[in-house]
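# A structural walkthrough
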Amino acid sequence: MGPSFSAATEDILAHPLFQDTRRLKHHGADNSVYDHSVATARTAYHMACALGLSDADVISITRAALLHDFFGYDWHDESYRRSLRRYRGIRRLTHMHAFMHGLTAARRASRYFALSDRQCDAIAAHMFPLSPVLPRTREAWILTAADKVVASREMSQCVYLTMRRLFRRALAG
Ligand SMILES: [Fe+2]
Ligand SMILES: [Fe+2]
């Protein structure tokens, strides 16, 4: 019997800034950063338990996974796009959300929650192979795998829901 998911995460889930991630859209109109982060944390938790890691490591990975997208802005909106325009050429590409948000999330999460260096590194590297930082620890590999499993599922769901809406509209028209 390992540590409980809710005991490992309840303080983060109750934090007002984490609650604020409910309003940030992520993988499609029906998915928020909150939904995605909780699903990723649950997946990372189950992976860590299945691998037989210590309670301390399970808690550490689960909390890092919950905060892995704690970047705090809407990457779909106009003000984010405007902020990118100050970069030119290749620098604009390397500052795009997909490349940079792991580092942003690690810095921001460590301002509000007590995180170890290993947790911060795992968050910063979770977008591997796009991240400028490579996963170097077990935490980082589990987090990047959990994120990809959940993101793939959410994006497939997003495509399915979009196709269904278009199909229904076409049938009604
Ligand atoms: Fe991410
Ligand atoms: Fe993510």
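Above this note sits the structure.
Quantities reported herein were computed from a predicted structural model and do not represent experimental measurements.

### Details of the coordination of the iron ion (ligand 2)
- Donor atoms from the polypeptide that bind the iron ion (ligand 2) are His-36 (NE2), His-68 (NE2), Asp-69 (OD) and Asp-147 (OD), placed at 2.1 to 2.2 Å.
- Around the iron ion (ligand 2) sit four donor atoms; with metal-centred angles ranging over 84 to 170°, the donor geometry is irregular.
- When the donors of the iron ion (ligand 2) are listed by position in the chain, the intervening gaps give H-x31-H-D-x77-D.
- A separation of 3.2 Å is found between the iron ion (ligand 2) and the iron ion (ligand 1), both of which receive a donor from Asp-69. With respect to class, His-68 is no different from Asp-69; both count as buried.

### Structural notes on the coordination of the iron ion (ligand 1)
- Around the iron ion (ligand 1), the protein contributes the donor atoms Asp-69 (OD), His-101 (NE2) and His-126 (NE2), at 2.1 Å from the metal centre.
- Mapping the donors of the iron ion (ligand 1) onto the primary sequence yields the spacing D-x31-H-x24-H.

### Quick word on the pattern of salt bridges
- All chains considered together, the criterion is met by eight salt bridges.
- Across the salt bridge formed by Asp-20 and Arg-23, the nearest N and O atoms sit 2.9 Å from each other.
- Using a relative accessible area of 29% as the deciding quantity, one classes Asp-20 as partly exposed.
- For Arg-23, a relative accessible area of 56% translates into the label exposed.
- The partner of Glu-139 in a salt bridge is Arg-118, and the shortest N-O contact between them spans 3.1 Å. Within this pair, whereas Glu-139 is found in helix H9 (residues 138-172), its partner Arg-118 is found in helix H8 (residues 117-124), the two being separated by 21 residues in sequence.

### Let's talk about the packing of aromatic side chains
- Applying the stated criterion to the full structure yields seven aromatic pairs.
- Between Phe-5 and Tyr-45 the ring centres are 5.6 Å apart and the planes differ by 75°, which places this aromatic pair in the edge-to-face class. You can see Phe-5 sitting in helix H1 (residues 5-14) and its partner Tyr-45 sitting in helix H3 (residues 33-50), a full 40 residues away along the chain.
- Accessibility expressed as a relative area gives 9% for Phe-5, which makes it buried.
- Look at Tyr-45 and you get buried, because its relative accessible area is 12%.
- An aromatic cluster of at least three residues, connected via ring pairs, comprises Phe-18, Tyr-34, Phe-70, Tyr-112 and Phe-113.
- The lysine or arginine in question, Arg-108, covers the ring of Phe-70, its NZ or CZ lying 4.3 Å from the ring centre.

Definitions and limits used
Residues numbered from 1 in each chain as written. Chains lettered and ligands numbered in written order. Predicted model: local features only at pLDDT ≥ 70, side-chain atom pairs only at ≥ 80, totals over all residues. Heavy atoms only, no water. Donors = N, O, S within 2.8 Å, 3.2 Å for Na, K, Ca; no water. Tetrahedral: all angles 85-135°; square planar, octahedral: opposite > 155°, others 65-115°. Buried < 20%, exposed > 50% of the residue type's maximum accessible area, 1.4 Å probe, protein only. Salt bridge = Lys/Arg side-chain N within 4 Å of Asp/Glu carboxyl O. Helix = DSSP H or I, 4+ residues; strand = E, 2+ residues; numbered from the N terminus. Phe/Tyr/Trp six-rings, centres within 6.5 Å; stacked < 30°, edge-to-face > 60°. Lys NZ or Arg CZ within 6 Å of the ring centre and 35° of its normal.

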